[in-house]
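Remarks on the overall topology
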Amino acid sequence: MEEIVTGKQMKELDAYTIETMGVPSLVLMERAGLQVFESMKKEGLPLSKVLVLCGSGNNGADGVVIARLLFLAGYQVHVCILGNPEHFTKEMKTQIEIGRNYGISFVKTFCVHEYTTIVDALLGVGLSREVSGLYRETIEKLQDFSGKIAAVDIPSGIDADTGAVWGCAVRADLTVTFAYKKAGLCLYPGAAYAGKLLTADVGIYHKDKRSPELFACTDRELKKLTRKPDGNKGSFGKVFLAAGSREIFGAAYLSGQAALRSGAGMLKLCTPKENRGLFTCFPEAMLALYEDAADMENLVRENLCWADVAGIGPGLGTSPQAERLLETLLKYADKPLVIDADGLNLLKGKEKLLKSCKAPVILTPHLGEFARMTGISVKEWKKNPLTITKETAKKLGVLLVCKDARTIISRGTEETCINLCGNDGMATAGSGDVLTGLILGLLAQGLSPWEAACTGVYLHGKAGDLAAEKKGRAAMLAGDILEAAGEILKEL
Ligand SMILES: NC(=O)C1=CN([C@@H]2O[C@H](COP(=O)(O)OP(=O)(O)OC[C@H]3O[C@@H](n4cnc5c(N)ncnc54)[C@H](OP(=O)(O)O)[C@@H]3O)[C@@H](O)[C@H]2O)[C@@H](O)CC1
Ligand SMILES: [K+]
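Residues numbered from 1 in each chain as written. Chains lettered and ligands numbered in written order. Predicted model: local features only at pLDDT ≥ 70, side-chain atom pairs only at ≥ 80, totals over all residues.

1. Notes on the UniProt feature "domain: YjeF N-terminal" (unreviewed entry) in the protein chain
Following the UniProt record, the feature "domain: YjeF N-terminal" (unreviewed entry) maps to residues 10-210 here. Taken end to end, residues 10-210 is 37% helix and 18% strand, and its first and last C-alpha atoms sit 14 Å apart. (UniProt positions renumbered as here; feature names shortened; annotations may be inferred. Helix = DSSP H or I, 4+ residues; strand = E, 2+ residues; numbered from the N terminus.)

Okay, structure coming up:
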């Protein structure tokens, strides 16, 4: 996993490295500047004439280091420092003095069109208020700039914790962030303002590494998924999935396929009897068919005895039978239960039943479903996704997967997972059904609900990226994500 930090946590880590470990602040800064300089070259930014815009804090001081390194490498570079000299940090004063000794050009005014690349070192994690005055004017001038912009640590104007824009912000082509990704670079709109995001090691260190509060999954989590050579279809887990309705068949198909593709041993689909004929194209699935007057209690209890994990929702509809299925599952489930789609729509008003469920419950709403379920609007969620997801998970006593461009996963504890892969091509019918199936498949193979949710979302995102590579973001279908998930697992 990859740790993600807030601005405050980053400042604490900086301070620990400097004060407790004894690494001079200027050493960290030199490494930071060098990393940006090297990344700008490696990423092919046009460096024939560079303007470095610096603020009064240490982000600005990093900028002066970058200007010196560019100058020493023979590039034409100008430095423009904004901000009150009385507020310059001591590192900033030192860097200006060093820069002057080297003979770097400091300019007071500039015309953006003269430059091929601009380095944004105005504001870093120390941004503390709405951007106004000269900072704002300068950032607004960059809107007409046709060259490339490299942001130091974080695009100026972006809140390091929430990704919100403080009045205005720099739109970068490249952001080189130090030591850890900042939460504001992972959440939108900050993620969009960052452009290509690189994380650079500058030597930040903490002796007593605690488990991260916010993290993203990486391939390392996927590589932990192993098959036992002596396993059998029973030991790889049995999935019971209530999905599909008279009108909808595809969702059950996609979700069920995904459960098997992610490695579950057996799948039983619980669906209306009328669908029997449709499932002839899915011979791997067993069927538990029900009719209008079915004895849901017996059906559910019998299958819960058989299964290792249960899911409900994809294409389920909101008929009285569907509602009874959900209620009965909540009443009797003693194994992990994943609720998605119509299952979530039917949850409204059943909070008590949900709370009394003996099984660990995973809810996978997209933001529309989340809003219907909780009464919290999409707009409100987007303002504070980490806290709202955590608080809702805690309140409902569930593990919550809030699906969005950056899916957030929380079980109400201090620990939150944010997913950094995937793309807008995944906003396509059936994509969520595939995710439900993947999580079910991983649960069936023995992953804990937390591991299955975080890893499942990551696998889904990776599969989406592979599908986009093959088919294009507009043309890709949920079925392509499903296929790609299998390929990703094969490669690993
Ligand atoms: N040694 C280290 O610790 C390392 C730190 N590193 C680097 O330091 C950065 C953090 O530096 P930092 O803490 O000095 O904060 P920074 O982001 O420069 O901003 C503070 C300044 O901005 C000002 N200001 C704030 N809001 C404003 C606004 N809206 N509009 C206008 N001004 C505003 C505020 O002014 P004041 O409030 O004093 O008027 C203050 O002067 C970090 O992102 C990384 O790049 C790396 O080199 C690695 C080693
Ligand atoms: K910056």
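2. Details of the environment of Ala-32
Looking at where Ala-32 falls in the secondary structure, it is placed in helix H2 (residues 25-42). A sequence separation of 349 residues divides Ala-32 from Trp-381, and the C-alpha atoms of the two residues are 34 Å apart. Non-local contacts of Ala-32, meaning those with residues more than four positions away in its chain, are made with Asp-62, Phe-178 and Val-202. (Contact = placed C-beta atoms within 7 Å.)

3. Overview of the sheet that holds strand S11 (residues 238-242)
Spatially, twelve strands are ordered S8-S1-S10-S19-S18-S17-S16-S15-S14-S11-S12-S13 in an open sheet, and the strand pairing comes out mixed. In the strand order of this sheet, the two ends are held by strand S8 (181-182) and strand S13 (286-290), each with one partner. By the bridge criterion, five bridges tie strand S12 (residues 266-272) to S13 in an arrangement that is parallel. Note on S13: the bridge partner recorded for Lys-268 is Met-286. (Pairing = 2+ DSSP bridges.)

4. So, the site of ligand 1
Near ligand 1, the surroundings consist of 31 residues, among which Gly-57, Asn-58, Asn-59, Gly-124 and Gly-126 are the closest. Those elements that provide at least two residues to the shell around ligand 1 are helix H1 (7-20), H2 and helix H3 (58-72). Broken down by class, the residue content of the shell around ligand 1 amounts to 13 nonpolar, 13 polar and five charged. (Near = placed C-beta within 6 Å. Nonpolar A, V, L, I, M, F, W, Y, C, P; charged D, E, K, R; others polar.)

5. Points about the pairing of strand S1 (residues 2-5)
Relative to strand S10 (residues 214-216), S1 runs antiparallel, the two sharing three bridges. Each residue of the ladder has a partner; that of Glu-3, found in S10, is Phe-215. Here S1 runs beside S8; their pairing, made up of two bridges, is parallel. Looking at S8, one finds that Val-5 is bridged to Lys-182.

6. Topic: the sheet that holds strand S4 (residues 105-107)
Strands sit in the order S4-S3-S2-S5-S6-S7-S9 across an open sheet of seven strands; the sheet is parallel. For this open sheet the edge positions go to S4 and strand S9 (196-200), each flanked by a neighbour on one side alone. Across the sheet, the mean angle from the axis of one strand to that of its neighbour is 20°, orientation sign disregarded. One ladder, built from six bridges, connects strand S2 (residues 49-54) with strand S3 (residues 76-81); its direction is parallel. Looking at the pairing, Val-50 lines up with Val-77 of S3. Contacting strand S5 (117-121), strand S6 (148-152), strand S7 (174-178) and S9, H2 crosses the sheet at an angle of about 155° to S7. (Axes fitted to C-alpha atoms, helices over the stretch in contact; angles between N-to-C directions.)

7. Topic: helix H17 (residues 431-444)
In this model H17 runs 20 Å from its N-terminal to its C-terminal C-alpha over 14 residues, within 8% of the 20 Å that 1.5 Å per residue would give. The element H17 is extensively covered by neighbouring structure, given that 14 of its 14 residues are classed as buried. Where H17 ends, the next residue or the one after it, Gly-446, has phi of about 100°, a positive value. (Expected span 1.5 Å × (residues − 1). Buried ≥ 20, exposed ≤ 12 C-beta atoms within 10 Å, placed from the backbone.)

8. With respect to the packing of helix H9 (residues 250-261) against H17
Where H9 contacts H17, the axes come no closer than 7 Å and their chain directions differ by 35°. Crossing hand, H9 versus H17: right-handed. For the pair H9 and H17, the contacting residues are Ala-251, Leu-254, Ser-255, Gly-256, Gln-257, Ala-258, Ala-259 and Leu-260 in the first and Asp-433, Val-434, Thr-436, Gly-437, Leu-438, Leu-440, Gly-441 and Ala-444 in the second. Within the contact of H9 with H17, the residues separate by chemical class into nine nonpolar, six polar and one charged. (Left-handed = near helix turned anticlockwise from the far one by under 90°.)

9. Quick notes on the domain arrangement of the protein chain
You'll often see interface size given as the accessible area lost when the parts meet. For the protein chain, the domain assignment lists domain 1 (22-207) and domain 2 (219-491). Relative to domain 2, the C-alpha centre of domain 1 lies at a distance of 43 Å. If you look at the interface, domain 1 gives five residues, while domain 2 gives six residues. Grouping the constituent residues of the side of domain 1 that touches domain 2 by class yields four nonpolar, one polar and no charged. (Domains from an automatic or database assignment.)

10. Some words on the environment of Val-50
Inspection of the secondary structure assignment puts Val-50 in strand S2. Residues Val-50 and Val-112 lie 62 residues apart in sequence; the distance between their C-alpha atoms is 9.8 Å. In contact with Val-50, not counting residues within four places along its chain, are Leu-70, Tyr-75, Val-77, Tyr-115, Thr-117 and Val-119.

11. A short note on H1
Residues spaced three or four apart along an α-helix face the same direction, because each turn holds 3.6 residues. Between its terminal C-alpha atoms H1 stretches 19 Å, which fits the 20 Å expected from 14 residues at 1.5 Å a residue. By the burial criterion, the buried members of H1 are Gly-7, Gln-9, Met-10 and Thr-17. The buried residues of H1 occupy one face: seen down the axis, they fall within an arc of 165°. Those residues of H1 that are exposed and angled more than 90 degrees off the buried face are Lys-8, Ala-15, Glu-19 and Thr-20. Residues of H1 that are buried sit in contact with S1, H2 and S8. Among the residues trailing H1, Gly-22 stands out with phi positive, at a value near 85°. (Arc of directions from axis to C-beta.)

12. Description of unusual backbone geometry
The residue after Tyr-188, namely Pro-189, is reached through a cis peptide bond having omega 5°. Inspection of the secondary structure puts Pro-189 in the loop between helix H6 (183-186) and helix H7 (190-194). A positive phi is found at Asp-153, a non-glycine position, where the angle reads about 70°. Tracing the backbone shows Asp-153 in the loop between S6 and S7. Backbone geometry at Ala-341 places phi at a positive 45°, although glycine is not the residue there. Within the element layout of this structure, Ala-341 appears in helix H12 (residues 341-345). Residue classification places Ala-341 among the buried positions, given that 24 C-beta atoms sit within 10 Å.

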